[in-house]
Amino acid sequence: LTYDRITYYDPKYDREITREVVGHLRVATVLVYHRTWKGFIFVRQNRVGPIDPGGSPLLLEAPAGICEKDEPAYVCALREAEEESGYQPASLEKVSVVYPSPGFFSEQMNLYYAEVTEAQRAGSGGGIDAENEFIEVVYKDLQETKALLRTGQFTDAKTALLLHWFFHEKTD
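Quick caveat: nothing in here was measured; it's all calculated off a predicted structure.

1. Remarks on the overall build of the chain
Here's step 1: Per the secondary structure count, the chain includes three helices and nine strands.
Here's step 2: Along the longest, intermediate and shortest principal axes, the C-alpha atoms of the chain span 60 × 40 × 35 Å.
Here's step 3: In the chain, once contacts between residues fewer than 6 apart in sequence are set aside, the share between residues at least 24 apart is 60%.
Here's step 4: Counting every atom, the chain has about 10100 Å² of accessible surface; 52% of that belongs to carbon and sulfur.
Here's step 5: Here the chain holds 18 positive side-chain charges and 27 negative ones, and the gap between their average locations is 5 Å.

2. Regarding the side chain of Q108
Here's step 1: You can see Q108 is positioned in strand β8 (residues 108-116).
Here's step 2: One polar contact links Q108 to N110, side chain to side chain, over a distance of 3.4 Å.
Here's step 3: If sequence neighbours within four positions are ignored, Q108 has contacts with L25, R26, V27, V97, V98 and Y99.

3. Focus: unusual backbone geometry
Here's step 1: Here the phi dihedral of D14 falls at roughly 50°; this positive angle occurs in a residue that is not glycine.
Here's step 2: Looking at the element boundaries, D14 is found in the loop between β1 (2-10) and β2 (15-23).

4. Overview of the pattern of salt bridges
Here's step 1: Taken as a whole and assessed by the stated rule, the structure comprises eleven salt bridges.
Here's step 2: Notably, a salt bridge pairs E115 with R35, separated by 3.6 Å at the nearest N-O pair. One end of the pair, E115, is in strand β8; the other, R35, is in the loop between β3 (26-34) and β4 (39-46), and 80 residues separate them in sequence.
Here's step 3: By relative accessible area, which is 31% here, E115 ends up partly exposed.
Here's step 4: Accessibility expressed as a relative area gives 41% for R35, which makes it partly exposed.
Here's step 5: Among the salt bridges present, the one from E83 reaches R79, with a minimum N-O distance of 3.9 Å. Here R79 and E83 lie together in helix α1 (residues 73-85), a separation of four residues that amounts to about one turn.
Here's step 6: A single salt-bridge network, built from bridges that share partners, covers E71, R79, E80 and E83.

5. Some thoughts on the packing of aromatic side chains
Here's step 1: Per the counting criterion, the structure on display carries ten aromatic pairs.
Here's step 2: Both rings, one in Y33 and one in F40, keep their centres 5.5 Å apart while their planes meet at 65°; by these two values the pair is edge-to-face. Just as Y33 is buried, F40 falls in that class too.
Here's step 3: Arranged with centres 5.2 Å apart and planes meeting at 85°, the rings of F166 and F167 form a pair that is edge-to-face.

6. Observations regarding the nonpolar core
For soluble globular proteins, the rule of thumb is that nonpolar side chains tend to be buried together.
Here's step 1: L31, F40, F42, F154, L163 and F166 are the most contacted members of the largest nonpolar core, which has 20 residues in total.
Here's step 2: At the level of secondary structure, the elements contributing two or more residues to this core comprise β3, β4, β8, α2 (142-150) and α3 (157-169).
Here's step 3: If one sorts the elements of this core by residue count, α3 sits on top with six residues.
Here's step 4: Setting aside its immediate chain neighbours within four residues, L163 contacts L31, F40, F42, T145, L149 and F154.
Here's step 5: Of all hydrophobic cores here, the second largest spans 14 residues; its members include V30, C67, A81 and A114.

7. Notes on the environment of V48
Here's step 1: Secondary-structure assignment places V48 in the loop between β4 and β5 (58-61).
Here's step 2: Distance from V48 to L59, taken between C-alpha atoms, is 9.9 Å for residues eleven residues apart in sequence.

What counts as what
Residues numbered from 1 in each chain as written. Predicted model: local features only at pLDDT ≥ 70, side-chain atom pairs only at ≥ 80, totals over all residues. Heavy atoms only, no water. Helix = DSSP H or I, 4+ residues; strand = E, 2+ residues; numbered from the N terminus. Contact = heavy atoms within 4.5 Å. Areas by Shrake-Rupley, 256 points an atom, 1.4 Å probe, with all protein chains shown as cover. Lys, Arg positive; Asp, Glu negative; His and termini not counted. Charge placed at Lys NZ, Arg CZ, Asp CG, Glu CD. Polar contact = N/O pair within 3.5 Å; in protein donor to acceptor, adjacent residues only side chain to side chain. Salt bridge = Lys/Arg side-chain N within 4 Å of Asp/Glu carboxyl O. Buried < 20%, exposed > 50% of the residue type's maximum accessible area, 1.4 Å probe, protein only. Phe/Tyr/Trp six-rings, centres within 6.5 Å; stacked < 30°, edge-to-face > 60°. Core = buried A, V, L, I, M, F, W, Y, C linked by side-chain atoms within 4.5 Å.

Listed below in structure tokens is the structure:
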């Protein structure tokens, strides 16, 4: 993370304006859908952010990770899908690129969708031990996922956004 003060020209006010920004690397997320049993492969892991407002540190989310310096986002998404879910998608569909808090945070989230079958299982998932990741692989069918989404159980913004996209674009 970096902290910077950025000055830029604002034509509306015809003057320079200074703003503070917290810099962050690019992130890639992939919503993994299992075609055979018609459900999603999520991960549950500790996240420090929700602890402060009294929330649970365990979030149910789509596999995601920080992209290496020169790593293309889709390569990062494929890597994270395999490391965290245990499945190796053959391809990715790009959903969007979003900035979750653009008022002060430069984090760029690259959102992808992938479909897998059991033939694409590459391992058990659960992350990389050397990275001190506590990751539980969680399987949810379409109905349960939709119910959890409707009741606000997906508190991770990138996952909720991908699920809303899925239920709008991929289902009848």
